[in-house]
Amino acid sequence: MKEDQPKTKEKREKNWKLLYLRSEKLARAKQLGIDYPHPSNKHEIEDNEPLNLLFICSRNQWRSPTAEAVWRNHPDLRARSAGTSPNARRRVSADDIRWAHSIFVMENKHRSRLQAEFGRVVANKPVHVLDIPDEYQYMDPELVDLLKASVGSILGLP
């Protein structure tokens with residue numbers, strides 16, 4: 001660089017955290033249905049409170065409803081199921097994710113879809129990928145055994 005040329009100005013970065021007032025952030029978060037400030041990573045569960053489990057597959061037709069049926073009668077658990085597809089029998093919502101203490105998805109693509117659509121809501125929730133392919137019918141005995149073994153081991157249940 002020649003000495004007689006003026007020096008170019010360095011581009012200053014904005015500090016976005018300081019740009020908006022807390023009241024504006026709270027108002028915008030409420031408008032978007034986002035918990036702000038973000039809750040801690042772990043939701044403290046009372047000793048007598050059942051654990052809320054959310055099971056997710058694509059169309060909420062076979063795998064996740066089977067998981068819900070398998071685990072809904074456990075005395076220490078509450079279970080729901082939903083799907084990520086617009087054509088799902090019951091489509092997953094932000095309220096479902098907020099309700100859940102733990103989320104179980106059948107495949108990696110379901111976790112990716114949750115993160116893409118509900119990023120902030122799902123960010124502080126444990127999401128477990130069960131790696132169960134879409135090749136089972138509702139209440140298929142092999143599917144039931146897979147769900148009991150995989151979910152049971154994750155939760156530390158017999």
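Structure shown above.
Quick caveat, the model's predicted, so the values are computed rather than measured.

## Focus on the side chain of Lys125
Turning to step 1, where the next piece is worked out: Position of Lys125 relative to the elements: it lies in the loop between α5 (108-122) and β4 (127-129).
Turning to step 2, where the next piece is worked out: In this structure the side chain of Lys125 is engaged in a polar contact, spanning 3.3 Å, whose partner is the backbone oxygen of Ile97.
Turning to step 3, where the next piece is worked out: Not counting residues up to four positions away in its chain, the partners in contact with Lys125 are Ile97, Arg98, Ala100 and Ile103.

## Comments concerning the sheet that holds strand β3 (residues 102-105)
Turning to step 1, where the next piece is worked out: Reading across from one edge, β2-β1-β3-β4 is the order of the four strands in this open sheet, with parallel pairing throughout. Each having just a single partner strand, β2 (77-83) and β4 make up the two edges of the open sheet. Ignoring strand direction, the axes of neighbouring strands in this sheet form an average angle of 25 degrees.
Turning to step 2, where the next piece is worked out: Taken together, the four bridges between strand β1 (residues 51-57) and β3 define a ladder with parallel strand orientation. From the neighbouring strand, Ile56 faces β3, where its bridge partner is Val105.

## Things to note about unusual backbone geometry
Turning to step 1, where the next piece is worked out: You will see that Asp131, though not glycine, has its phi angle at about 55 degrees, which is positive.
Turning to step 2, where the next piece is worked out: Within the secondary structure layout, Asp131 lies in the loop between β4 and α6 (141-155).
Turning to step 3, where the next piece is worked out: Positioned with a positive phi, Met139 is a non-glycine residue whose angle comes to about 60 degrees.
Turning to step 4, where the next piece is worked out: On the basis of relative accessible area, Met139 is assigned to the partly exposed category, the value being 34%.

## Some details on the pattern of salt bridges
Oppositely charged side chains can pair when the atoms bearing their charge come close.
Turning to step 1, where the next piece is worked out: Scanning all chains against the criterion turns up six salt bridges.
Turning to step 2, where the next piece is worked out: As a salt-bridge pair, Glu107 and Arg63 come within 2.7 Å of each other at their nearest N and O atoms. Within this pair, whereas Glu107 is found in the loop between β3 and α5, its partner Arg63 is found in helix α3 (residues 63-71), the two being separated by 44 residues in sequence.
Turning to step 3, where the next piece is worked out: Notably, a salt bridge pairs Arg91 with Glu117, separated by 3.1 Å at the nearest N-O pair. Of the two residues, Arg91 sits in the loop between β2 and α4 (94-99) while Glu117 sits in helix α5, which places them 26 residues apart along the sequence.
Turning to step 4, where the next piece is worked out: The exposure class of Arg91 is partly exposed, given its relative accessible area of 33%.
Turning to step 5, where the next piece is worked out: Counted as one network, the salt bridges with shared partners bring together Arg63, Glu107 and Asp134.

About the cut-offs
Residues numbered from 1 in each chain as written. Predicted model: local features only at pLDDT ≥ 70, side-chain atom pairs only at ≥ 80, totals over all residues. Heavy atoms only, no water. Helix = DSSP H or I, 4+ residues; strand = E, 2+ residues; numbered from the N terminus. Polar contact = N/O pair within 3.5 Å; in protein donor to acceptor, adjacent residues only side chain to side chain. Contact = heavy atoms within 4.5 Å. Pairing = 2+ DSSP bridges. Axes fitted to C-alpha atoms, helices over the stretch in contact; angles between N-to-C directions. Buried < 20%, exposed > 50% of the residue type's maximum accessible area, 1.4 Å probe, protein only. Salt bridge = Lys/Arg side-chain N within 4 Å of Asp/Glu carboxyl O.

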